[in-house]
Amino acid sequence: MKKIGLLAVAVLMMAACSNDETSEQGYKADNGEMLFQFVYPGVTRATDTNFENTDKIGVYVTAKDEPLQIGGNEVNNELFTYNGSSWTSSRKVYWNTGSHDVYAYYPYSKTVNDISDYAFQVQADQSTAAGYTASDFLWAGKKGVAASASPVTMTFAHKLSNVVVKLEKGENYTGDIPASTEVYVHSTVTKAVIDLSTGDAAKDNYAGTGSVRCRQKSATEYVACVVPQNITTRRPLVEVISGGVSYLMEGKISLKPGMRHTITVTLDKNPEQTKIDIGGSIEGW
């Protein structure tokens, strides 16, 4: 009886549209089923390629110009999972008639308690691929979408900040920088609040500061996803633990959403002679 009921609902939700276009996944959906192609923003991920097998994305759909809400939308936080070549929803979803607004975010969360202030926290340990990618909040939105047999292309954008710590050897530094070197970003708020209707992210003003262990990208380059914020007072910002020596450096920085900030640390045999350049390059992420 439950299966029959679900089928009836699906039939009622089908849009009266039919065309012969074939989707990029190699099949067509001329029965009104929603299909999506999710495009990763560039080549800056842990794998430097694209979305990965088993990645999960949450999708909302509203009637055009209707406000996005926790519930009562045409589609409410529907789970889409990547199998390495295409995306499939946890259940079949279908277009209604008319035009629609679509919102998508990554990583997926089963529980969303607030649309305008969705709580998200970056991982304290981003030294692993899992910790790093789970901290990279992505968002995509598209207005006025009409039902189609072809997949809707949703291009994502990074909504947090990215910190790149580059290590250089000073004049008195001998040998290579050890592969076991650890890099930390300190004094940052790790909790964010995000508006899922716009993707805008800001630090949680009620959260305290913490530390993030960076992921090693190369022998001398480390990266971390951090919440956009201004660190305006001098405090411990970057720590490099290398060869049994801890290099702890203070600094101020303005971390902007969707931007990559490069910090250069020049290591010296004497920790007191180590230099930090926070005014490094800032570029789109």
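Residues numbered from 1 in each chain as written. Predicted model: local features only at pLDDT ≥ 70, side-chain atom pairs only at ≥ 80, totals over all residues. Heavy atoms only, no water.

## Topic: the confidence of the model for the protein chain
In low-pLDDT regions, the fine details of the predicted coordinates are not to be read closely. Chain-level pLDDT for the protein chain is 86 on average; 86% of the residues reach the 70-or-more range. Scored below 50 in pLDDT, residues 1-29 shows 39 contacts in the model against residues more than four places distant or in partner chains. Scored below 50 in pLDDT, residues 43-48 makes 20 contacts in the model with residues more than four places away or belonging to other chains. (pLDDT = per-residue confidence, 0-100. Contact = heavy atoms within 4.5 Å.)

## Here we look at unusual backbone geometry
In this chain, Y106 is followed by P107 through a cis amide linkage whose omega measures 0°. Of note, T54 is a non-glycine position whose phi angle comes to about 80°, a positive value. Judged by relative accessible area, which is 48%, T54 ranks as partly exposed. Phi is positive for N77, which is not a glycine, with a value near 50°. For N77, the location among the structural elements is in strand β3 (residues 75-82). (Buried < 20%, exposed > 50% of the residue type's maximum accessible area, 1.4 Å probe, protein only. Helix = DSSP H or I, 4+ residues; strand = E, 2+ residues; numbered from the N terminus.)

## Regarding the side chain of E78
Mapped onto the elements of the fold, E78 is located in strand β3. Leaving out residues up to four positions away in the same chain, E78 has contacts with I57, G58, V59, S89, S90, R91 and V93.

## Remarks on the pattern of salt bridges
Summed over all chains, the structure comprises 7 salt bridges. Residues D65 and K64 are paired through a salt bridge, measuring 3.1 Å at the closest nitrogen-oxygen approach. With relative accessibility at 42%, the residue K64 sits in the partly exposed group. Notably, a salt bridge pairs E182 with R213, separated by 3.7 Å at the nearest N-O pair. Taken as a pair, E182 in strand β11 (residues 182-189) and R213 in strand β14 (residues 209-213) lie far apart in primary sequence, 31 residues in all. Looking at E182, the relative accessible area reads 23%, which means it is partly exposed. The exposure class of R213 is partly exposed, given its relative accessible area of 26%. (Salt bridge = Lys/Arg side-chain N within 4 Å of Asp/Glu carboxyl O.)

## So, the sheet that holds strand β4 (residues 87-89)
Reading across the sheet, the 6 strands line up as β4-β3-β2-β5-β7-β9 and stay open at both edges, with antiparallel pairing between neighbours. Here the strands that pair on one side only, and so sit at the sheet edges, are β4 and β9 (157-158). Of the pairings in the sheet, the one linking strand β2 (residues 56-63) to strand β5 (residues 99-106) comprises 6 bridges and is antiparallel in character. The partner of Y60 across the bridge, within β5, is Y103. (Pairing = 2+ DSSP bridges.)

## Quick look at the environment of Q229
Structurally, the position occupied by Q229 is in strand β17 (residues 229-242). With a relative accessible area of 7%, Q229 lands in the buried category. Sequence separation between Q229 and S254 is 25 residues, and the spatial gap between their C-alpha atoms is 6.1 Å. When near neighbours in sequence (up to four residues on either side) are disregarded, Q229 contacts S187, T188, V189, K203, I253, S254 and L255.

## Comments concerning the nonpolar core
In this structure, F137, L196, V238, V240 and V265 are the most contacted members of the largest nonpolar core, which totals 46 residues. Looking at this core, the element that brings in the most residues is strand β16 (residues 221-226), giving 5 residues. Setting aside its immediate chain neighbours within four residues, F137 contacts Y105, Y106, P107, Y118, F120, A157, H158, K159, L160, I194 and L196. Among the nonpolar cores identified, the runner-up in size contains 23 residues, and F36, Y40, I57 and F80 belong to it. (Core = buried A, V, L, I, M, F, W, Y, C linked by side-chain atoms within 4.5 Å.)

## Brief notes about the environment of D136
With respect to the helices and strands, the residue D136 is situated in the loop between α2 (129-133) and β7 (138-146). Once the C-alpha coordinates of D136 and Y106 are considered, the two residues, 30 residues apart in sequence, prove to be 7.9 Å apart. In contact with D136, not counting residues within four places along its chain, are Y40, Y106, P107, H158, C225 and W285.

## Concerning the sheet that holds strand β13 (residues 201-203)
Taking strand neighbours across the sheet as the criterion, the 3 strands line up as β6-β12-β13 in an open arrangement whose pairing is antiparallel. The sheet is open, and its two borders are formed by β6 (118-121) and β13, each paired with just one other strand. Shown here is a sheet whose adjacent strand axes are inclined to one another by a mean of 35°, direction ignored. Inspection of the sheet shows strand β12 (residues 191-194) paired to β13 by 3 bridges, in the antiparallel sense. Each bridged residue has a counterpart across the sheet, and for A192 the counterpart in β13 is K203. (Axes fitted to C-alpha atoms, helices over the stretch in contact; angles between N-to-C directions.)

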